[in-house]
Amino acid sequence: MVRENIVNYLGLQHNYLGNNCFTIIHDFYKNELNIDSLEKLIPPNIKSRKWMKDISLQDIDNWALEYGIKVPLTDAQDFDVMVFRSHKLNRPIHFGMFLKPCNMLHLEEGRTSRYESIGNEWIDGLYAIYRHKSLV
C-alpha cells in the first residue's frame, strides 16, 4: 500500500540542494503515486535557498486551476498538499503532505523529515490544501 511507503521519506536531512519541504512531497508524488505535475508548481531554480521567494500564493492557485482542487481541512485526505504562508509577507513559506487523521509529512529547515500532528501553530499558517486531480 502507498501510505506504508511514507517510512521511506522519514529522517531525511534538510538541505537546500536536495531535500526540502517541497522536494520531499514532489518525490513522494513522483515515486509512489506516479504523478509528475507537481514540478510545474515550483520554478526551475528550486535548488536555490531563496526559491520560495520566487513563487506567490497566486502562482500556487494558478497551478491548482489545471492540476488540483482546493479542499477544506475538514475534507482533507491522504496525500493532499498543504501550503503554509507567512501572514507578514503574504507568501508561501512551507509545504506539507496531509495524512489522516490530522497529521502531515514535512521537512523544516535545519531538521529531518517527520510525520507530525497538525497543531494550532500549523493551522494558523495554513493557506490552503490542494488535492491533485488524479487523486479525486
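Residues numbered from 1 in each chain as written. Predicted model: local features only at pLDDT ≥ 70, side-chain atom pairs only at ≥ 80, totals over all residues. Heavy atoms only, no water.

**Student:** How should I be thinking about helix 1 (residues 21-32) in this particular structure?
**Tutor:** An α-helical turn contains 3.6 residues, so any two residues separated by three or four positions project in the same direction. When the terminal C-alpha atoms of helix 1 are compared, their 17 Å separation across 12 residues agrees well with the 16 Å that a helix rising 1.5 Å per residue should span. Along helix 1, the positions that sit buried rather than exposed are Cys21, Phe22, Thr23, Ile24, Ile25, His26, Phe28 and Tyr29. The opening residue of helix 1 is Asn20, an N-cap whose side-chain oxygen sits 2.9 Å from the backbone nitrogen of Phe22. Where helix 1 ends, the next residue or the one after it, Asn34, has phi of about 60°, a positive value. (Helix = DSSP H or I, 4+ residues; strand = E, 2+ residues; numbered from the N terminus. Expected span 1.5 Å × (residues − 1). Buried < 20%, exposed > 50% of the residue type's maximum accessible area, 1.4 Å probe, protein only. Polar contact = N/O pair within 3.5 Å; in protein donor to acceptor, adjacent residues only side chain to side chain.)

**Student:** Is there a simple way to explain the confidence of the model for the protein chain in this structure?
**Tutor:** Detailed reading of the predicted coordinates is not advisable wherever pLDDT is low. With 93% of its residues at a pLDDT of at least 70, the protein chain reaches an overall mean of 89. Within the protein chain, the element-level pLDDT minimum falls on helix 2 (residues 57-67), averaging 91, and the maximum on strand 4 (residues 103-106), averaging 98. (pLDDT = per-residue confidence, 0-100.)

**Student:** What am I meant to see in the sheet that holds strand 1 (residues 68-71) here?
**Tutor:** Sheets are built from strands that pair by backbone hydrogen bonding, the pairs being arranged parallel or antiparallel. Taken together, 6 strands build an open sheet; the order of strands is 1-6-2-3-4-5 and the sheet is antiparallel. Each of the sheet's edge strands pairs with one partner strand only, and the pair in question is strand 1 and strand 5 (114-117). Within this sheet the neighbouring strands show an average axis-to-axis angle of 35°, counted without direction. Bridge analysis of strand 4 against strand 5 gives 4 bridges, and the strand direction is antiparallel. Bridging across to strand 5, Asn103 finds its partner in Ser117. In the packing of helix 1 onto the sheet, the strands contacted are strand 2 (81-86), strand 3 (91-99), strand 4 and strand 6 (126-132), and the crossing angle to strand 3 comes to about 40°. Lying on the sheet, helix 2 is in contact with strand 1, strand 2, strand 3 and strand 6; it crosses strand 6 at an angle near 20°. (Pairing = 2+ DSSP bridges. Axes fitted to C-alpha atoms, helices over the stretch in contact; angles between N-to-C directions. Contact = heavy atoms within 4.5 Å.)

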